[in-house]
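Residue-level structure breakdown
These are the residues of each chain, in order.
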Amino acid sequence: MDSMVRPPNGFLSAMSADDYELIRAHLRIVDLPHEAVLVEAGETLKRAYFPHRGVISLVVKLAKGEHVQVAMIGRDSLLGADSAMGEAPALNTAIMLVAGAASVLDLDRLRAAADQSASLRALLVRHGLAVYAQVQQTAGCNAAHPVESRLSRCLLQTHDLSGDVRLLLTQEALAQMIGARRNSVSLVANTLQHANYIHYSRGHIQINNIDGLRQTTCECYATVKMQYERLLGSS
C-alpha cells in the first residue's frame, strides 16, 4: 500500500503524513458483507474499521428484542475512535447495514500510534465527538419528528455515507433505523414512492430525487451534516 495513495476513507485522508506512516504498514483491506456483526455491545472491539464503501449501523438492543439504530458510520470516519483512547467495552452493537469494504487495523496498533502523536489523538477525539453528536440528534429526532421526516433523514444519511443511490434495505432495517413499526415504514415508503422521490421494491431502494427527500426531512439531517463539517471539515 503506497504511502502516497491512501484508501478512500475520510479519517485516513485527514491524517498527517507522519501519523499515517505510523499505521500504514499495518492496514489491511477486508470485505464486509451485509449484516456482518463487527462487535456486540459489552464486548471489547479488537480492530478499528475505516470504511471505503458501505455503512456501519450502531444499534441498541432492548430487553424485549427491539433493535434501534442510534448512529451510522461510513466512508468519512471510523469505527473504533473511542476504543482507541481506552479499552472500555463497546456501548453499542455494530452491524453492517450496507455491505462494503474497509481498511482494518488492530486497535493495539492504533493506540500505540495515538500514544506517539498528539495530532492523531486530537483527530480521534473529533471523530468520536462527531458520532456522539449524531447519536444525540438521532435520539431527539426519533422522539419528536414524524416517520416521514425520519425516514427521509436516514435515506439521505445512508446515501451520503455509502455514496450510492441504490440501497439494499429491508422494511425491518428501515424500522430499526428510525425507531418505528414496520407497517409505518411501509406506508411512508409508499408515500415517498408515489412522490417519485424513491423507488422501493422487495428491499431494493433507488433514490430518484435527493432534493425531494431534503424537502421532506426535518432539520436533523442538516444539523448532523453541519456538526460533521465543523468537527471534521478542517481536519
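Look a little higher up for the structure.
Described below are features of the structure shown in this document. (Residues numbered from 1 in each chain as written. Predicted model: local features only at pLDDT ≥ 70, side-chain atom pairs only at ≥ 80, totals over all residues. Heavy atoms only, no water.)

1. Looking at the overall build of the protein
Inclusion rule: In this description a helix means any DSSP run of H or I spanning at least four residues, a strand means any run of E spanning at least two, and both kinds are numbered starting from the N terminus. The globule rule is 2.2 Å times the number of residues to the power 0.38, and the radius of gyration it is compared with is taken over C-alpha atoms. Note on exposure labels: buried denotes an accessible area under 20% of the residue type's maximum, exposed denotes more than 50%, and partly exposed covers the range between, all computed with a 1.4 Å probe on protein chains only. Contacts are residue-level and defined by heavy atoms, with any inter-residue pair within 4.5 Å sufficient. The method behind every accessible area is Shrake-Rupley, applied with a 1.4 Å probe, and residues are considered shielded solely by the protein chains displayed. Charged-residue counts in this description rest on Lys and Arg as positive and Asp and Glu as negative, His and the chain ends being excluded. A single reference atom marks each charge: NZ on Lys, CZ on Arg, CG on Asp, CD on Glu.
Scanning the protein from N- to C-terminus turns up 9 helices and 8 strands. Compactness check: the protein gives a C-alpha radius of gyration of 18 Å against a globular reference of 18 Å for 235 residues, within 12% of the reference. Structurally, the protein occupies a C-alpha span of about 55 × 40 × 30 Å along its principal axes. Counting all 235 residues of the protein, 49% fall into the buried class. Within the protein, counting contacts between residues at least 6 apart in sequence, those at least 24 apart form 72% of the total. Summed over its atoms, the accessible surface of the protein is roughly 11,300 Å², and 50% of this surface lies on carbon and sulfur atoms. Of note, the protein has its 22 positive side-chain charges centred 3 Å away from the centre of its 22 negative side-chain charges.

2. Regarding helix α3 (residues 107-116)
What counts, and what does not: What the arc covers is the set of directions going from the helix axis to the C-beta atoms.
For α3, every residue scored as buried is listed here: Leu107, Leu110, Arg111, Ala113 and Ala114. Along the long axis of α3, the arc covered by the buried residues comes to 165°, so they all point the same way. Of the exposed residues in α3, the ones pointing more than 90 degrees away from its buried face are Asp108, Asp115 and Gln116. At its buried positions, α3 is contacted by α2 (17-23), β3 (47-61), β5 (93-106) and α4 (118-144).

3. A look at the pattern of salt bridges
Side-chain pairs of opposite charge can arise whenever the charged atoms involved come near each other. What counts, and what does not: The working definition used for a salt bridge is a side-chain nitrogen of Lys or Arg within 4 Å of a carboxyl oxygen of Asp or Glu.
All chains considered together, the criterion is met by 7 salt bridges. Taking the shortest distance from any N to any O, the salt bridge between aspartate 106 and arginine 28 comes out at 3.7 Å. Placement of the pair is aspartate 106 in strand β5 and arginine 28 in strand β1 (residues 28-32), with a sequence separation of 78 residues.

4. As for the pairing of strand β4 (residues 67-73)
When a strand is regular, its side chains alternate between the sheet's two faces. Heads up, the condition is: Here a strand pair is declared whenever DSSP counts at least two bridges between the two strands.
Most of β4 is tucked away, with 5 of its 7 residues classed as buried. Of the strand pairs in this sheet, β3 and β4 are connected by 6 bridges, and their pairing is antiparallel. Looking across to β4, one finds that serine 57 is bridged to methionine 72. The turn joining β3 and β4, which pair antiparallel and follow one another in sequence, is formed by 5 residues; a positive phi near 100° is taken by glycine 65.

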